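# A look at the structure
This is what each chain is made of:
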Amino acid sequence: MKYSYIDHLYCPKCENTYSHEEKNNLCECGSPLLVNYDLDDLKNNLKKEDLIGRAPTLWRYHELLPVTKEENVVSLGEGMTPLLHMPVLEKEYDVTTVWMKDEGLLPTGSFKARGSAVGVSKAKEVGIKEIAMPTNGNAGAAWALYATRAGMKSHIIMPIDAPLITRKEVYISGADLHLVDGVISDAGKIVGQSAHKHGWFEASTLKEPYRIEGKKTMGLEICEQLNWEVPDVILYPTGGGVGIIGIFKALKELMALGWIEKGKLPKLVAVQAEECAPIVKAFQEKKAASDFWPDSKTKAFGINVPKALGDFLVLEAIYETEGYAIAISDEDLLKEQQLVAQKEGAFICPEGAATFAAVRKLKEQGWLKSEDRVLCLNTGMGIKYPETVQEEAPILPKDATI
Ligand SMILES: *Cc1c(COP(=O)(O)O)cnc(C)c1O
Ligand SMILES: [Zn+2]
C-alpha cells in the first residue's frame, strides 16, 4: 500500500497541472496551487476504521498528505489536539453545543505547526535546502523550528511589532532573522526579492502548495473526533485563510471517500478583526475576491493580513457552505478572551477569542440558532501574548496576612 495517494498539483483558477515531484510555488497564472489525491484508489484501500490505533499525530492521515516516503516526515509530534466541550459558554451564548478545538497545545504554540510540519517535510522530499518567508510571527516560529529539525536553513522576516515571543522562537532555532519596520506585506516584498537573488525557496503563505495540506488535518481531526459527524458551524479566525481553505478541502475529500455524509457540510465562518477585514467586506459586497485593506491593525496579530493570496478560495468556502464572514473589534475580542479564561479556565489567544466573540454576536443577530452545534478554533496558546492581559495585584510585605 502507498504511503501517500498524492497524484498531482492543479490550479483552481486556470486548471493547469503540475508534478508534485518538482519544486513548485504559484501557478504561472499567479494563483496558489492545490494538491489532488487519487481518492477513488484510496477509497478502495483504506477504511476510516483503519485509523484506529494509529499514533495521535497528524501523520495518521498520511494517505491524504503529500509526503510519499515516510522517511521524509519531519515531526515534533504535532496533531490530534483536544476537542473540548465548553458547557458554561453554551449557556452564556444560548446555543446547544459549543466545542473548542485547542490548537494551542501544538509544538511552537500555534496551529502553524501543522502547515510547517507538512510543508517542511515535502520541501525535504523534493530536495529544498534553504527556505525564506515573511511572517506575522507564529508561522515564522513554526517554519524556523521545523526547518532546523529537517536540517534546513531558513530566512525569516517579520514586522518589528510582531509578538516578541515569536521573534525569540525564530532566533533560538538558529534561523536568519530580520525585522522590518512595516507590515507583513512589506516583509513579503523583501523576501520575494532576496529569495530570487539568492535562490532560496519561497515558503510564504500559499506560495507553496503544502501548507494547506497540513492545515487540512484540522478538518480531518474534527470529523474523526466527532465520530465522523460534522458540527453545524465552524468558526475560524481568518488571516491568510489557509486554515479555512484547508478545512473545506478536508470536508470535500472526506465526502468523496464516503467517510462523512454527502451534502451535509458545516457552515464555515471567517472571523476577522474590525480594522483588518478584507474578507468580510468582500462577503458583504458578494464579491469573489477581496481588495487590499489599507492601514490594517489589530492585537490579534495572526489575522492582520490586508490581502490574502487565496482570498477567492476563502470566499468560495464561505459561499459553498452557506457560511458567513464577520468582523470583531479588538475591544470585544479581548473581553471575550478574558471571559473564556474566567468561565472555562482556558487561556486562549486573541485570534481564537475572536471566534467566541463571533458566536455571541451571530447568536444575538439571529444568524446562529439555539439548536446549532458550533465549533470554535483556538489557533494558539494565550501565553504567547502576555501583553493582552493587564493584570493588577496588590503587593504584600513578607509578613502580611490576607
Ligand atoms: C496565522 C494565524 C491565524 C490565521 O491563519 P490563516 O489560516 O492564515 O488564516 C490565526 N490565528 C493565529 C494564532 C495565527 O498564528
Ligand atoms: Zn493557473
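Worth saying up front: this structure is predicted, and the values here are computed from it rather than measured.

## Notes on the coordination of the zinc ion (ligand 2)
Distances from the zinc ion (ligand 2) to its protein donors, C11 (SG), C14 (SG), C27 (SG) and C29 (SG), fall within 2.3 Å. Mapped onto the sequence, the donors of the zinc ion (ligand 2) take the spacing C-x2-C-x12-C-x1-C. Since its relative accessible area comes to 37%, C14 is described here as partly exposed.

## Some points on the pattern of salt bridges
Two side chains with opposite charge may pair up if their charged atoms get near one another. Scanning the model with the defined rule gives 25 salt bridges in all. The partner of R114 in a salt bridge is E221, and the shortest N-O contact between them spans 2.7 Å. With R114 in helix α3 (residues 112–125) and E221 in helix α7 (residues 211–225), the pair connects residues that are 107 residues apart, well separated along the chain. When its relative accessible area of 0% is taken as the criterion, R114 is described as buried.

## What about the sheet that holds strand β5 (residues 97–102)?
Read across the open sheet, the six strands follow the order β4-β5-β13-β10-β11-β12; overall the sheet is mixed. The open sheet has two edge strands with one neighbour each: β4 (83–85) and β12 (324–328). Between one strand axis and the next, the sheet turns through 25 degrees on average, direction left out of account. When strand β10 (residues 233–237) meets strand β13 (residues 373–378), the two strands line up parallel, connected through three bridges. Bridge assignment links V233 to a residue of β13, and that residue is V374. Contacting β4, β5, β10 and β13, α7 crosses the sheet at an angle of about 130 degrees to β5.

## Quick word on the UniProt feature "domain: Tryptophan synthase beta chain-like PALP" (unreviewed entry) in the chain
When the UniProt feature table is mapped onto this chain, "domain: Tryptophan synthase beta chain-like PALP" (unreviewed entry) is found at residues 74–380. Counted over residues 74–380, helix gives 44% and strand 17%. Its end C-alpha atoms are 21 Å apart.

## Describing the nonpolar core
Core analysis: the biggest nonpolar cluster contains 90 residues, and W59, I131, I247, I260 and L268 have the highest contact counts within it. Considering each element in turn, this core owes the most residues, 10 residues, to helix α8 (residues 242–257). Excluding residues within four positions of it along the chain, I247 makes contact with K216, M218, G219, I234, Y236, L268 and L377. Core analysis: the next-biggest nonpolar cluster, separate from the first, contains 30 residues, L89, L235, A354 and L368 among them.

## Some words on the packing of aromatic side chains
In the structure shown here, the tally under the stated rule is five aromatic pairs. Judged by centre distance (6.0 Å) and plane angle (75 degrees), the rings of F111 and Y236 are edge-to-face. Linking F111 in the loop between β5 and α3 with Y236 in strand β10, this pair joins segments that are 125 residues apart in sequence. The pair F111 / Y236 is uniform in exposure class, with both members buried. Measuring from centroid to centroid gives 5.2 Å for F283 and Y324, while their planes differ by 65 degrees, and the two rings are edge-to-face. With F283 in helix α9 (residues 278–284) and Y324 in strand β12, this residue pair connects regions lying 41 residues apart in the sequence. Y324 sits in the partly exposed class, given a relative accessible area of 23%. A network of ring pairs unites the aromatic residues F283, Y319, Y324 and W367 as a single cluster. If you follow K13 out to its NZ or CZ, it ends over the ring of F312, 4.1 Å from the centre. Above the face of the W367 ring, K267 is positioned so that its terminal group lies 5.6 Å from the ring centre.

## As for the packing of helix α4 (residues 138–150) against helix α5 (residues 164–172)
Where α4 contacts α5, the two axes come as close as 8 Å, and the packing angle between them is 15 degrees. In terms of axis orientation, α4 runs roughly parallel to α5. With respect to the hand of their crossing, α4 and α5 are arranged in left-handed fashion. Residues N138, G140, A141, A144 and L145 of α4 form the contact with α5, whose participating residues are T166, E169 and V170. Looking at the contact of α4 with α5 residue by residue, the class counts come to four nonpolar, three polar and one charged.

## Quick word on the sheet that holds strand β7 (residues 153–159)
The parallel open sheet is built from four strands, whose spatial order is β8-β7-β6-β9. A strand with exactly one partner marks an edge of an open sheet, and here the two such strands are β8 (176–180) and β9 (201–202). Summarising the sheet, strand β6 (residues 130–134) and β7 pair through five bridges and their orientation is parallel. Note on β7: the bridge partner recorded for P134 is I157. Across the sheet, α4 lies against β6 and β7, angled at about 170 degrees from β6, the strand it touches most.

## Remarks on the site of ligand 1
Neighbouring ligand 1 are 17 residues; K112, Y236, G239, G241 and T379 lie closest to it. Within the side chain of Y236, a nitrogen or oxygen atom sits 2.6 Å from an oxygen atom of ligand 1. Within the backbone of G243, one N or O atom sits 2.8 Å away from an oxygen atom of ligand 1. Protein burial of ligand 1: of its 380 Å² of free accessible surface, 96% is covered by the chains. Breaking the shell around ligand 1 down by element, the ones donating at least two residues are β10 and α8. Its residues assigned to classes, the shell around ligand 1 comprises six nonpolar, eight polar and three charged.

What counts as what
- Residues numbered from 1 in each chain as written.
- Chains lettered and ligands numbered in written order.
- Predicted model: local features only at pLDDT ≥ 70, side-chain atom pairs only at ≥ 80, totals over all residues.
- Heavy atoms only, no water.
- Donors = N, O, S within 2.8 Å, 3.2 Å for Na, K, Ca; no water.
- Buried < 20%, exposed > 50% of the residue type's maximum accessible area, 1.4 Å probe, protein only.
- Salt bridge = Lys/Arg side-chain N within 4 Å of Asp/Glu carboxyl O.
- Helix = DSSP H or I, 4+ residues; strand = E, 2+ residues; numbered from the N terminus.
- Pairing = 2+ DSSP bridges.
- Axes fitted to C-alpha atoms, helices over the stretch in contact; angles between N-to-C directions.
- Contact = heavy atoms within 4.5 Å.
- UniProt positions renumbered as here; feature names shortened; annotations may be inferred.
- Core = buried A, V, L, I, M, F, W, Y, C linked by side-chain atoms within 4.5 Å.
- Phe/Tyr/Trp six-rings, centres within 6.5 Å; stacked < 30°, edge-to-face > 60°.
- Lys NZ or Arg CZ within 6 Å of the ring centre and 35° of its normal.
- Parallel < 35°, antiparallel > 145°, perpendicular 65-115°, else oblique.
- Left-handed = near helix turned anticlockwise from the far one by under 90°.
- Nonpolar A, V, L, I, M, F, W, Y, C, P; charged D, E, K, R; others polar.
- Near = heavy atom within 4 Å.
- Polar contact = N/O pair within 3.5 Å; in protein donor to acceptor, adjacent residues only side chain to side chain.
- Areas by Shrake-Rupley, 256 points an atom, 1.4 Å probe, with all protein chains shown as cover.

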